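# Coordinates in review
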Amino acid sequence: MRTTTPMPGDGIEVYDIDSGMGGVFTISVTRELGRDMVDVRIWYGKRTQNGWQSYGLFDGKTFQTSRDRLKSRRISG
């Protein structure tokens, strides 16, 4: 599933999660599901002066995961 959020806002909480392909994805939590499970959205692209430049493929994909897989909490900006 893909979200329609066009670009990450300043000051949103983001994390890293293992991509399963030898790297990490930057994600944000979109919904708490309980029992330490969350819905997350992948941010795969970069900010430009004209807004969010998506790299396609993974950008906007959402999935459910356990909160303990989320690493490197930080605030975007």
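Look a little higher up for the structure.
A few points on the structure. Just so it is clear, the structure is predicted and the values come from calculations on it, not from any experiment.

## Here we look at the packing of aromatic side chains
For the coordinates displayed, the defined rule picks out four aromatic pairs. Centroid distance Phe 25 to Tyr 44: 6.4 Å. Interplanar angle 90 degrees. Geometry classified as edge-to-face. Here Phe 25, found in strand S2 (residues 24–34), pairs with Tyr 44, found in the loop between strand S3 (37–43) and strand S4 (45–48); they are 19 residues apart in sequence, far enough to count as distant. For Phe 25, a relative accessible area of 9% corresponds to the buried category. You can call Tyr 44 partly exposed: its relative accessible area is 31%. Each member of the aromatic cluster is reached from another via a ring pair, and the members are Phe 25, Tyr 44, Tyr 55 and Phe 58. Here Arg 41 stacks its cationic end above the ring of Trp 43, 3.5 Å away from the centre of that ring.

Calculation notes
Residues numbered from 1 in each chain as written. Predicted model: local features only at pLDDT ≥ 70, side-chain atom pairs only at ≥ 80, totals over all residues. Heavy atoms only, no water. Phe/Tyr/Trp six-rings, centres within 6.5 Å; stacked < 30°, edge-to-face > 60°. Helix = DSSP H or I, 4+ residues; strand = E, 2+ residues; numbered from the N terminus. Buried < 20%, exposed > 50% of the residue type's maximum accessible area, 1.4 Å probe, protein only. Lys NZ or Arg CZ within 6 Å of the ring centre and 35° of its normal.

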